[in-house]
Amino acid sequence: EMEVAIPVSPVKHLVPSHYNNRPPPYLICSGFVFTALSVPYLDAKGAWDDFYTEDVSYLLGLVHTPLKQEGDEVVVLTQVLAHEANLGYEHLIDLHLLKFNGVEVKSLGHLNTLISENEEQFMTFEFAPEEGGRLIVMERALCEQATGDVCKEHSIGSHYVLRTDTV
């Protein structure tokens, strides 16, 4: 007879099933609205009911991905609030953001840091899939003004709300 101790803990997934009655996190940059992918987000899209779009189906496939590092999130472009700085991008929704200026985005907090510390002339947002995904390029100088304009026009008090447990 042998006694074996096996540590047991719940599997943490990359996509949270809820936010414990807190508002969902978001980040607005030049009218681009980003959030962390969650089960309530997918539920609101009807992802489990019928085929919605290829992009939502792709996001649905990430639901059971195990969490590699505490604080990681799937950052998603949820919508584009119209502004002259983002003209032509207003149709983009439900896209998984992979990189900002060539750096892998790990969470909304990480994206916020990358944007605020950016000193390049342009900002590039690279979306999934890695090969053949969409690319958005914005002038950094226009970003801050556009973000302020969009927030003011839509009565948004802050350009971001982040989850304090992942920042």
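Computed from a predicted model, the values in this text were never measured in an experiment. (Residues numbered from 1 in each chain as written. Predicted model: local features only at pLDDT ≥ 70, side-chain atom pairs only at ≥ 80, totals over all residues. Heavy atoms only, no water.)

Q: Tell me about the overall build of the protein, residues and numbers included.
A: For the protein, the helix and strand inventory stands at four helices and eight strands. Along the protein, from the amino end to the carboxyl end, the secondary structure elements read β-β-α-α-β-β-β-α-β-β-α-β. Across the protein, the fraction of contacts at a sequence separation of at least 24, relative to all contacts at a separation of at least 6, is 60%. Put simply, the protein shows about 10,300 Å² of open surface, and 51% of that area lies on carbon and sulfur atoms. Treating the 10 positive side-chain charges of the protein as one cloud and the 25 negative ones as another, the clouds have centres 3 Å apart. (Helix = DSSP H or I, 4+ residues; strand = E, 2+ residues; numbered from the N terminus. Contact = heavy atoms within 4.5 Å. Areas by Shrake-Rupley, 256 points an atom, 1.4 Å probe, with all protein chains shown as cover. Lys, Arg positive; Asp, Glu negative; His and termini not counted. Charge placed at Lys NZ, Arg CZ, Asp CG, Glu CD.)

Q: Residue-level account of the pairing of strand S2 (residues 32-36), with values.
A: Across the five residues that make up S2, a large majority, five, are buried. Alternating positions in S2 separate into two faces, Phe32, Phe34 and Ala36 on one and Val33 and Thr35 on the other, with burial throughout. Counting the residues between successive antiparallel strands, the hairpin from strand S1 (residues 26-29) to S2 contains two residues, one of them, Ser30, with a positive phi of roughly 55 degrees. With five bridges joining them, S2 and strand S3 (residues 75-80) adopt antiparallel strand pairing. When the bridges of S3 are listed, Ala36 appears paired with Val75. (Buried < 20%, exposed > 50% of the residue type's maximum accessible area, 1.4 Å probe, protein only. Pairing = 2+ DSSP bridges.)

Q: Account for helix H4 (residues 140-153), with residues named and values stated.
A: The first and last C-alpha atoms of H4 sit 20 Å apart over 14 residues, in line with the 20 Å expected at 1.5 Å per residue. Listed as buried for H4 are Cys143, Ala146, Thr147, Val150 and Cys151. For H4, the elements touching its buried residues are S1, strand S6 (122-127) and strand S7 (135-139). Two residues or fewer after H4 comes Ser155, characterised by a positive phi angle close to 55 degrees. (Expected span 1.5 Å × (residues − 1).)

Q: Can you explain the side chain of Lys45? Please cite residues and give values.
A: Structurally, Lys45 is set in the loop between helix H1 (39-44) and helix H2 (54-60). The residues contacting Lys45, other than those within four sequence positions of it, are Tyr52, Val56 and Asp94.

Q: Tell me what's going on with the pattern of salt bridges, and back it up with residues and numbers.
A: Summed over the entire model, instances satisfying the criterion amount to three salt bridges. Of the charged contacts, one joins Glu70 and Lys12 as a salt bridge, the two residues approaching to 3.4 Å between their closest N and O atoms. Placement of the pair is Glu70 in the loop between H2 and S3 and Lys12 in the segment before S1, with a sequence separation of 58 residues. Residue class for Lys12 comes out partly exposed when judged on its relative accessible area of 49%. (Salt bridge = Lys/Arg side-chain N within 4 Å of Asp/Glu carboxyl O.)

Q: Could you give an account of the environment of Ile115, with specific residues and numbers?
A: Among the structural elements, Ile115 can be located in helix H3 (residues 108-117). For Ile115, a relative accessible area of 15% corresponds to the buried category. Setting aside anything within four residues of it in sequence, one finds Ile115 in contact with Leu27, Cys29, Phe100, Met123 and Phe125.

Q: Tell me about the side chain of Asp72, residues and numbers included.
A: Looking at the secondary structure, you find Asp72 in the loop between H2 and S3. One buried charge, Asp72, has no salt-bridge partner; the nearest side chain with opposite charge is Lys106, at 5.3 Å. If near-sequence neighbours (up to four positions away) are discounted, Asp72 is found in contact with Leu14, Leu67 and Lys106.

Q: Could you give an account of the nonpolar core, naming the residues involved and the relevant values?
A: Ranked by size, the top nonpolar core spans 27 residues in total, and within it Phe34, Leu77, Leu111 and Phe125 carry the most contacts. If you tally residues by element for this core, the top one is H3, at four residues. The next biggest cluster of nonpolar side chains, apart from the first, holds twelve residues, and it includes Leu37, Ala47, Leu59 and Val63. (Core = buried A, V, L, I, M, F, W, Y, C linked by side-chain atoms within 4.5 Å.)

Just distances and angles here, no functional claims.
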